[in-house]
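Letter by letter, the chains look like this.
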Protein chains: 2
Amino acid sequence: MKALILVALAVTVYASDAGKPLVLSSQGSFFVGGETKTSKDLNANANGPGAGDAGDVTINQMYVQFQKPVNPDQHRPVVMVHGCCLSSKTWETTPDGRMGWNEYFVRKGRSVYLADQSSRARSGFDATKMVGVKLGKVPPSDLPNVFMASHQTSWLLFRFGPSFNTPFPDEQFPTQAADELYKQMIPDLNGFLPTPNPTWGNMASLAVQLNGAVLMGHSESGFFPEQAALVNPAGVRGIVSIEMPCETTLKPEQISTLAKIPILVMFGDHLSDVPGRFAQIWPNSLDSCNKFVKQVNDAAGDAQMMDLPKMGIKGNSHMLMQDKNNLQLADLILGWIDEHVERKGAHHK
Amino acid sequence: MKALILVALAVTVYASDAGKPLVLSSQGSFFVGGETKTSKDLNANANGPGAGDAGDVTINQMYVQFQKPVNPDQHRPVVMVHGCCLSSKTWETTPDGRMGWNEYFVRKGRSVYLADQSSRARSGFDATKMVGVKLGKVPPSDLPNVFMASHQTSWLLFRFGPSFNTPFPDEQFPTQAADELYKQMIPDLNGFLPTPNPTWGNMASLAVQLNGAVLMGHSESGFFPEQAALVNPAGVRGIVSIEMPCETTLKPEQISTLAKIPILVMFGDHLSDVPGRFAQIWPNSLDSCNKFVKQVNDAAGDAQMMDLPKMGIKGNSHMLMQDKNNLQLADLILGWIDEHVERKGAHHK
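Residues numbered from 1 in each chain as written. Chains lettered and ligands numbered in written order. Predicted model: local features only at pLDDT ≥ 70, side-chain atom pairs only at ≥ 80, totals over all residues. Heavy atoms only, no water.

A separate point is the interface of chain B and chain A. Taken together, the contact pairs 74 residues of chain B with 74 residues of chain A. In this assembly, chain B packs against chain A so that about 6000 Å² is buried in total across both faces, 53% of it on carbon and sulfur atoms. Linking chain B with chain A are four salt bridges, by the criterion used here. Salt-bridge contacts for Asp116 of chain B lead to Arg122 of chain A; the nearest nitrogen and oxygen are separated by 3.2 Å. With nine residues, the single largest contributor to the side of chain B that touches chain A is strand β1 (residues 22–32) of chain B. The sheet contact formed by strand β1 (residues 22–32) of chain A and β1 of chain B spans three bridges and is antiparallel. (Contact = heavy atoms within 4.5 Å. Buried area = accessible area lost by both parts, 1.4 Å probe. Salt bridge = Lys/Arg side-chain N within 4 Å of Asp/Glu carboxyl O. Helix = DSSP H or I, 4+ residues; strand = E, 2+ residues; numbered from the N terminus. Pairing = 2+ DSSP bridges.)

A full pass over the atoms with the stated rule returns four cavities of 30 Å³ or more. By volume, the largest cavity is sized at about 130 Å³. Taken together, the residues that form the lining of the largest cavity break down as ten nonpolar, four polar and two charged. Here the second largest cavity defines a volume of roughly 100 Å³. Secondary structure elements with two or more residues in the lining of the second largest cavity: α4 (151–157) of chain A together with β3 (55–59) of chain B. (1 Å grid on protein atoms, 1.4 Å probe; cavity = no way out; pocket = protein on both sides within 12 Å on 5 of 7 lines; lining within 4 Å. Points joined across faces, edges and corners; volume = space filled by probe spheres on them. Nonpolar A, V, L, I, M, F, W, Y, C, P; charged D, E, K, R; others polar.)

Each pair of packed helices can be described by the angle between their axes along with the distance between the axes. Residue and element names in this part refer to chain A. Running from N to C, helix α6 (residues 198–209) and helix α7 (residues 224–231) cross one another at 70 degrees; their axes reach a closest spacing of 8 Å. Taken together, the axes of α6 and α7 are roughly perpendicular relative to one another. On the side of α6, the interface is formed by Thr199, Trp200, Gly201, Met203 and Ala204, while α7 contributes Phe224, Pro225, Gln227, Ala228 and Val231. When grouped by side-chain class, the residues that make up the contact of α6 with α7 number seven nonpolar, three polar and no charged. (Axes fitted to C-alpha atoms, helices over the stretch in contact; angles between N-to-C directions. Parallel < 35°, antiparallel > 145°, perpendicular 65-115°, else oblique.)

Take the confidence of the model for chain A next. Residues and elements named next belong to chain A. Confidence along chain A averages 93 in pLDDT terms, with 91% of residues attaining 70 or more. Mean pLDDT across the elements of chain A ranges from a minimum in helix α1 (residues 2–18), with 45, to a maximum in strand β9 (residues 263–267), with 99. Low pLDDT, under 50, characterises residues 1–16; the stretch is placed with 15 contacts to residues that sit more than four places away or in other chains. Predicted complex metrics record ipTM = 0.93 and pTM = 0.94. (pLDDT = per-residue confidence, 0-100.)

All names here are of chain B. End to end, helix α9 (residues 281–298) covers 26 Å across 18 residues, agreeing with the expected 26 Å (1.5 Å per residue, within 8%). All of the buried residues in α9 are Trp282, Pro283, Ser285, Leu286, Ser288, Cys289, Phe292, Val293 and Val296. Where α9 is buried, its residues touch α4 (151–157), α7 (224–231), α8 (252–258), β9 (263–267) and β10 (303–307). Of the residues one or two after α9, Ala300 is the one with positive phi, at around 65 degrees. (Expected span 1.5 Å × (residues − 1). Buried < 20%, exposed > 50% of the residue type's maximum accessible area, 1.4 Å probe, protein only.)

Residue and element names in this part refer to chain A. Taken as a whole and assessed by the stated rule, the structure comprises 26 aromatic pairs over all chains. Pairing Trp101 with Phe105 gives two aromatic rings, centres 6.0 Å apart and planes at 40 degrees, and the pair type is tilted. Placement of both Trp101 and Phe105 in helix α2 (residues 101–107) is noted, with a separation of four residues, approximately one turn of the helix. You can call Phe105 buried: its relative accessible area is 0%. Where Phe223 meets Phe292, the ring centres are 5.0 Å apart and the plane angle is 75 degrees; that geometry is what we call edge-to-face. Linking Phe223 in the loop between β7 (213–218) and α7 with Phe292 in helix α9 (residues 281–298), this pair joins segments that are 69 residues apart in sequence. (Phe/Tyr/Trp six-rings, centres within 6.5 Å; stacked < 30°, edge-to-face > 60°.)

As a further point, take the pattern of salt bridges. Residue and element names in this part refer to chain A. Tallied over the full model, the rule gives 30 salt bridges over all chains. We note a salt bridge from Glu103 to Arg107, for which the minimum N-O separation is 2.9 Å. You can see Glu103 and its partner Arg107 sitting in helix α2, four residues apart, about one turn around the helix. Residue classification places Glu103 among the buried residues on the basis of a relative accessible area of 8%.

In structure tokens form, the structure reads like this:
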């Protein structure tokens, strides 16, 4: 019943918002982090103006694009970080052309910051090893791995259906527009990054720079908000972790750090309904996150698992920010932020 | 005098606009183009869920992000395409934090479409050869070249000054924020693209999809609007080409195609003031474009060269959309569009 009311609410809000002008107090883009690397392996081409160029390049920076609503200080800013083989496009217009979470959150009065992970999309990556391999200075086996997710893998791993091009009967992902999702899927170059992943520190720095923010991650980046808080919790006012494996071997002092931050974990449907080599990924992920949520709460934290099918919300895929009921799920997150991050804000400042 | 008035106008508009809310009738993102490639070389990592994955991936697509003002049909949409080693960030917030052309054009009533070139940033790239090299299936020398521009190269090539970290006395680029520009500079993977460059066809398709648009390119992409029109001129209503070498060996029928489209070419200052290996690039580029403009006009076309120093506008760098007088230059372009594309629109439809 609660779920039904939320569906109705989401549909109403969307229908009334979609045609309305979007009013921004400001927008823009900038970078967080980045360091200077000096290298001779910047260009393997013997011709052209950059030939044999040696010098400094900037690596590990994180590109951030933001929009602020009118009266942006009424709510905490929300930072959204995409998953594997994707970019911030994840949060924008859905594959079938509906409003994405980026705009919906702004229309709900939140400043939204979309970050391309360091080494992905507009953040760039450190290509010196690629140049070194081409120049014969680096053995090919030392080339970091790059990962492209095929259409076939995506369909199963993202739980669109039990076999390629067959959707689940209640599937919420707009599978007729799957080709548009595949265009979003770009090579994952995280193998080129140092350890620990600089995106974690960049997210922590961004949260400080914003004087407190809610960090949201998905899939590959689902646990990045926690990792960011473990680098520096100072700016992390809330965590939204969507569909990922959770770390269950954190030290007590790490759990204690996370127990001071409200945490929401969300999972979609059909976790056990994918056959073959992907069968165990989602049940194991959910198990690990249930354990993690318990660890945090046992340490007097405020962690909540939204296991959507248990709440009566059925058929959600792994790409739930693009699913047909994406705004209903956005409302769940917005409501959780209001309740756990903002109303209880005094506890957590 | 005309230039002075334009300076005053630009400053006035910027000062009055900067704090004003931005009202959009809509915004979003989508892809143009893209094709399916089947490959076994998608992931060299023997572990993980994608191990040994063979299947289909989408390549050569072009990511496009747009914003429309209220009453978007009063002006032609403008498509902006970035240059080498950069992304659409080029057109956004400047390195020193001022408004970029993307927002300024929207505030001036234009729908703006920012495209990441195919193989760059959020458009992704075809990484199968990289995987093949790592797997030992492809010889390292067959790896396409990737190009990173160093800080030192950028400073000279972008004409910030006569030697690294020394600006020209009248330099318009905000050199104190050069580090922020370097964060925008990302590996150029155009070597991974097929011939002809799919970005050209994608730009032509986008122009058709928009029922007519002005295409703008810069540097590496400066002549892409012309190349797009040579693929299919149907949607190309105007061309703005900024700081690049022009093709001067086009066939008469190609010149004839371009002579039906109003063309603006813009160059900044200090073209001959860069020493060493970059010394000839800009004088040669300007020469080639003066020839090209003459070829088009000799074929009864409407091509205009804005050689800024000759117009009394001094000190502009190669990154003139980020220069301190960037909005003055934007006004020159907007005025040219009004005059040559829109008022004369009847001729060119």
